[in-house]
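Structural overview for review
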Amino acid sequence: MTNLSMATAMGDTTPSATLNERFATIYAAYLPRITALVGSRIFNAEDKHLTDDLTAEAFTQVWLHLHKCEATTDAKTFSWVATIARRTVAHHFRTKKNLMERPTDLGDWQYANRPLDQAAGYYTPAAGGFRTAALGNSGGSDPDMDEALRRARQSGGAR
């Protein structure tokens, strides 16, 4: 393999033309390996679209910071590009962690598609689903919960 890290300065080329050529060479040489690296870091290995998006983002960062690359060999150049790719994947999942939707109702799966009615301040499945504790309701609620609610209401919620 030719030395990809060194700029090929033949004749009178501008620095931007040299960087363009260097990036094109790096992209062509390392695209399959970086795509495989990014794919191995994604939890859902079948998500080809996410793999392609993160690989493109990694090469965008390579393009933006290529002028800072001080690698002198192919191995060092690949290590530099791979580090950028790993950090791109980590950044993606770090930001996604705060945006990910999580279910708020972790109840029984069989109540998932039932219409919900508001009862006693809670949303409960209609027609005999979850039961909430209510004072004076004999048989349908937990007696310990009824007693705890009665005490809380008598004391005004203070402990």
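Refer to the structure presented above.
To start, this report covers the structure provided alongside it. (Residues numbered from 1 in each chain as written. Predicted model: local features only at pLDDT ≥ 70, side-chain atom pairs only at ≥ 80, totals over all residues. Heavy atoms only, no water.)

Some details on helix 1 (residues 15–41)
Maximum bend of helix 1: about 55°, positioned at Tyr30, with proline Pro32 one to four residues after it. Among the residues of helix 1, those classed as buried are Thr18, Arg22, Phe23, Ile26, Tyr30, Ile34, Thr35, Leu37, Val38 and Gly39. (Bend = angle between axes of the 7 residues up to and from the residue. Helix = DSSP H or I, 4+ residues; strand = E, 2+ residues; numbered from the N terminus. Buried < 20%, exposed > 50% of the residue type's maximum accessible area, 1.4 Å probe, protein only.)

Points about the nonpolar core
Ile34, Val38 and Phe59 are the most contacted members of the largest nonpolar core, which has 21 residues in total. Leave out the neighbours within four places in its chain, and Val38 touches Thr51, Leu54, Thr55, Ala85 and Val89. (Core = buried A, V, L, I, M, F, W, Y, C linked by side-chain atoms within 4.5 Å. Contact = heavy atoms within 4.5 Å.)

Description of the packing of aromatic side chains
Summed over all chains, the structure comprises five aromatic pairs. For the ring pair Phe23 and Trp63, a centre distance of 5.2 Å and an interplane angle of 75° mean the geometry is edge-to-face. Linking Phe23 in helix 1 with Trp63 in helix 2 (residues 48–65), this pair joins segments that are 40 residues apart in sequence. Since its relative accessible area comes to 16%, Phe23 is described here as buried. Summarising the aromatic geometry, the rings of Tyr27 and Phe59 are spaced 4.9 Å apart at their centres and angled 70° between planes, so their arrangement reads as edge-to-face. (Phe/Tyr/Trp six-rings, centres within 6.5 Å; stacked < 30°, edge-to-face > 60°.)

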